[in-house]
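# Observations on the model geometry
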Amino acid sequence: MRASRVLTFARYEIRRAVARKKVLSLVALTVLISIAPYYALYATHTSLVTPPLRPYLWILGVFLPQAFFLQFTALLIAAGSMSEEYEQGTAEVLLSKPVSRQEYFFGKYLGGYALVVGIVILDVVLSITSATFVFGPQLELGIEPMILLAQVFAALVFYSFAFMVGELMRRSSLSYILSASVFFTSEVVGVFLNILYSLTGTDIYKVANYYLPTSSVDSLPLLLAEPNFPSSVQLVFRFAATPVEPSIGVSALLIAVYFLSAVLIALAYFSRMDVAKRVT
Amino acid sequence: MTDDPVTHHNLTSTLQVDERATTSEAVISFEQAVKDYGPKEIGPVTFSVGRGEIVGFLGPNGSGKSTTIRMLLGLIKPTSGTVRLMQRDPLHDHVRALEQVGYSPELPNLQSFLTPGELLELTAKELGLGRKETDDQLPVLLEDVGLIQYRDYKIAKLSKGMVQRLSVAQALMGTPKVLILDEPMIGIDPAGVVQFRSIFRDFVRDGGTIVMSSHILTEVESLCTSLVVIHSGRILFRGGIQAFIRERLGSRSIVVEIADAPALAGPGSALVDRISSVSGVKRVTPAPAGLLVEVAPDSDPRAEISRLVVESGAKLVGLGHSRSELDEAYISAIRGTPTQ
């Protein structure tokens, strides 16, 4: 596998994704989500924002999109990555050149993922800038690179899953629907299991909740961040989610297992199957 | 398309596969290649293409042309048999097999968000061309296919014919040795067809090989040196165009164009009688522009006919085989019966 060809396809994938209106809409939404909460809090003069909280409000913008928006963005970018090439008949032209299927596969995978990382970074930068501009200097920013890494690592789960579904289905609409269904089902089942555990105290519900993909995705950045902040700031974290996983290790391991499984299945399928003609 | 075993039997009984190139010379070879789609099977396909040929790949819709081409490009895996492109397995040795191969698909669906310039740059990167090579080749190719002024337009804004031209340009990027063209003339205006013919002839003159599928038989006849005819997934014929026509047609037609034809070559004229007596001539029919001479498929009395016309004092304007012969031979082949 040649790095130059992987890079060529990665750049191509970024270009292709950006040309789609839905990705541009997601970027616009990122800007809105990153900026709007600060101005809303400022405008409403809410008593929730006490002076001790103000230097930590950057974490609100960083964590608010974690549970839903970032995962959904990753999913939307990945679901069409392979499937749209089949639908438009462009996979055939790209793969009729002296490039290996692995170069094409990883190039597209990494290109789309780079876009997800770019959106996460955009969210972080805008959140910190807005928090500073509206509520003054922010503290504990040194932890942010680690949180960022955790967020982009966690995003691999639904990104890879949607990428896999796109390759297996080879229909973009089916891929979007199926990937989004799994994501929402996991979120809803997680809430349901949490309620059952609270009501019954039965461990099986808690353990089952560990293995839901959304649990590890939501938990990892929170587990990494929370110990670094004063207890008075925990209220801000509650806006994002409550960590489900018992430890950073378990959370990271589950994320790795989920995303690697999806990548390997997609790669095996793509390497063995025929390159489909244009489908409509 | 139905997969009628009786039809297959009839067709394969007339099968003629002319191995024009030995395996060592062949740039393309299929050996009992089969693609099984479940209800439909393409193959077994066996033929080869030698260096320097322009091969017309003919067959009705659904006959297996695209499947055969896609097996050749390593896009689909044959169920059995072997396929070689540049003497390599295009599926398992894809990169090296396709290093010197250009492909233009049927109804090209190119990336609408790119410009022609960007698409050719992408192709150059896939081929591993350097900056200088890309900068040298790109404007020349766009000029050759008549798209230089559209270099920075989005492909989405180009007409169907322009996209087809661009598809051929991307196939030519990187100076390939083999071109595989799936219906390259579709949607191309007459000036573009002339331009493409010239490009393809130059390509072969420089040592290239072309396999071109087409439904435009006059185009195949004017450009190709040999044919592969496929029907219901089976190869019906592999060989020269004239050999195909001779094999399929019970007789051949020669059109003799004569100035002032009604006066000199009318019914019962001396010229008609003389030509009728030439060996191999079956029938001579007066036509508006001269004469239509039916001859036995294995004879070629054109020189003799030409001499008789000149000796008769008539002015010979043109003489050649009827342009519809390949059409008739092709229809005969796919119907499985020789035309009388």
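The rules behind these values
- Residues numbered from 1 in each chain as written.
- Chains lettered and ligands numbered in written order.
- Predicted model: local features only at pLDDT ≥ 70, side-chain atom pairs only at ≥ 80, totals over all residues.
- Heavy atoms only, no water.
- Helix = DSSP H or I, 4+ residues; strand = E, 2+ residues; numbered from the N terminus.
- Buried < 20%, exposed > 50% of the residue type's maximum accessible area, 1.4 Å probe, protein only.
- Polar contact = N/O pair within 3.5 Å; in protein donor to acceptor, adjacent residues only side chain to side chain.
- Contact = heavy atoms within 4.5 Å.
- Pairing = 2+ DSSP bridges.
- Axes fitted to C-alpha atoms, helices over the stretch in contact; angles between N-to-C directions.
- Parallel < 35°, antiparallel > 145°, perpendicular 65-115°, else oblique.
- Nonpolar A, V, L, I, M, F, W, Y, C, P; charged D, E, K, R; others polar.
- Phe/Tyr/Trp six-rings, centres within 6.5 Å; stacked < 30°, edge-to-face > 60°.
- Lys NZ or Arg CZ within 6 Å of the ring centre and 35° of its normal.
- Buried area = accessible area lost by both parts, 1.4 Å probe.
- Salt bridge = Lys/Arg side-chain N within 4 Å of Asp/Glu carboxyl O.

### A word on the side chain of A:Ser127
Residue and element names in this part refer to chain A.
- Locating Ser127 in the fold gives a position in helix α6 (residues 101–135).
- A relative accessible area of 0% means that Ser127 is categorised as buried.
- A polar contact of 2.7 Å, which involves the side chain of Ser127, links it to the backbone oxygen of Asp123.
- Beyond its immediate stretch of four places on either side in the chain, Ser127 contacts Ser34, Tyr38, Trp58, Gly61 and Val62.

### Quick look at the sheet that holds strand β5 (residues 80–85) of chain B
Residues and elements named next belong to chain B.
- An order of β3-β2-β5 is seen for the three strands of this open sheet, with the pairing classed as antiparallel. The open sheet has two edge strands with one neighbour each: β3 (41–50) and β5. The mean inter-strand angle of the sheet, taken between neighbouring strand axes irrespective of direction, is 15°.
- Direction of pairing for strand β2 (residues 26–36) relative to β3: antiparallel, over a ladder of seven bridges. What sits directly across from Ser29, in β3, is Ser48.
- Here helix α2 (residues 65–72) sits on the sheet and contacts β2, β3 and β5; the angle it forms with β2, its principal contact strand, is near 120°.

### A word on the environment of A:Leu29
- In this fold, A:Leu29 is placed in helix α2 (residues 21–44).
- Along the sequence, A:Leu29 and A:Asp123 sit 94 residues apart, while their C-alpha atoms lie 9.8 Å from each other.

### What to know about the packing of helix α7 (residues 144–154) of chain A against helix α11 (residues 213–225) of chain A
Residue and element names in this part refer to chain A.
- The geometry of α7 relative to α11 is characterised by a closest axis approach of 9 Å and an angle of 170° between their N-to-C directions. Our classification of the angle between α7 and α11 gives roughly antiparallel. Across the interface between the two elements, Met146, Ile147, Ala150, Gln151, Phe153 and Ala154 from α7 touch Val217, Leu220, Pro221, Leu224 and Ala225 from α11.
- Each residue belonging to the contact of α7 with α11 can be placed in one class, and the counts come to ten nonpolar, one polar and no charged.

### Topic: α7(A)
- Along α7(A), the residues that are buried comprise A:Glu144, A:Ile147, A:Ala150, A:Gln151, A:Val152 and A:Ala154.
- Taken together, the buried residues of α7(A) touch α3 (58–63), α4 (69–88), α6, α8 (156–169), α11 and α13 (248–272) of chain A.

### Focus on the packing of aromatic side chains
- One pass over the structure, following the stated rule, counts 25 aromatic pairs over all chains.
- Aromatic side chains B:Phe196 and B:Phe200 sit 5.6 Å apart centroid to centroid with 50° between the ring planes, which places their arrangement in the tilted category. Here B:Phe200 and B:Phe196 lie together in helix α7 (residues 190–205), a separation of four residues that amounts to about one turn. The pair B:Phe196 / B:Phe200 is uniform in exposure class, with both members buried.
- Following the ring pairs from residue to residue traces out a cluster consisting of A:Phe9, A:Tyr104, A:Phe105, A:Phe106, A:Tyr109, A:Tyr113, A:Tyr159, A:Phe163 and A:Phe270.
- Its end group placed over the ring of A:Phe270, A:Arg101 keeps NZ or CZ at 5.8 Å from the ring centre.

### Overview of the interface of chain A and chain B
- Contacts between chain A and chain B engage 27 residues on the former and 30 residues on the latter.
- Together chain A and chain B conceal approximately 2,500 Å² of surface at their shared face, both sides included; 56% is due to carbon and sulfur atoms.
- When the area that chain A buries against chain B is broken down by residue, the three leading residues are A:Arg15, A:Lys97 and A:Pro98, summing to 24%.
- Measuring nitrogen to oxygen at the nearest pair gives 2.9 Å for the salt bridge that ties B:Arg70 to A:Glu92.
- The tally of links from chain A across to chain B stands at 16 residue pairs in polar contact (both at pLDDT 80 or more).
- Looking at the side of chain A that touches chain B, the elements that each hand over two or more residues are α1 (3–18) and α5 (90–95) of chain A.
- Per-element accounting of the side of chain A that touches chain B gives the leading share, seven residues, to α1(A).
- When the residues that make up the side of chain A that touches chain B are grouped by side-chain class, the tally is ten nonpolar, six polar and eleven charged.

### What about the pattern of salt bridges?
- According to the stated counting rule, one finds 26 salt bridges over all chains in the structure shown.
- For B:Arg205, the salt bridge is made with B:Asp206, and the minimal N-O distance between the two is 3.8 Å. Accessibility assignment for this pair places B:Arg205 and B:Asp206 in one class, exposed.
- Beyond isolated ion pairs, a larger network of salt bridges with shared partners links A:Glu13, A:Arg16, A:Arg20, A:Glu84, A:Glu85 and A:Lys108.

### Here we look at the sheet that holds strand β11 (residues 252–258) of chain B
All names here are of chain B.
- Strand order in the open sheet formed by four strands is β12-β13-β11-β14, and the pairing between neighbours is antiparallel. Two strands in the sheet have a free side with no partner beyond their single neighbour: β12 (281–287) and β14 (316–321). Taking the axes of each pair of neighbouring strands and ignoring which way they run, one obtains an average angle of 15° across the sheet.
- Here helix α12 (residues 302–311) sits on the sheet in contact with β11, β13 (290–295) and β14, set at roughly 165° to β14.

### Notes on the pairing of strand β9 (residues 226–231) of chain B
Residue and element names in this part refer to chain B.
- Most of β9 sits out of view: six of its six residues are buried.
- Burial of β9 is two-sided: the residues Ser226, Val228 and Ile230 facing one way and the residues Leu227, Val229 and His231 facing the other way are all buried.
- Relative to β9, strand β4 (residues 54–58) runs parallel, the two sharing four bridges. Its bridge partner being in β9, Val55 is matched across the sheet by Ser226.
- Of the strand pairs in this sheet, β9 and strand β10 (residues 234–240) are connected by six bridges, and their pairing is antiparallel. Along β10, the bridge assignment pairs Ser226 with Gly240.
- Here β9 folds back onto β10 in antiparallel fashion, the turn holding two residues, of which Ser232 has a positive phi close to 50°.

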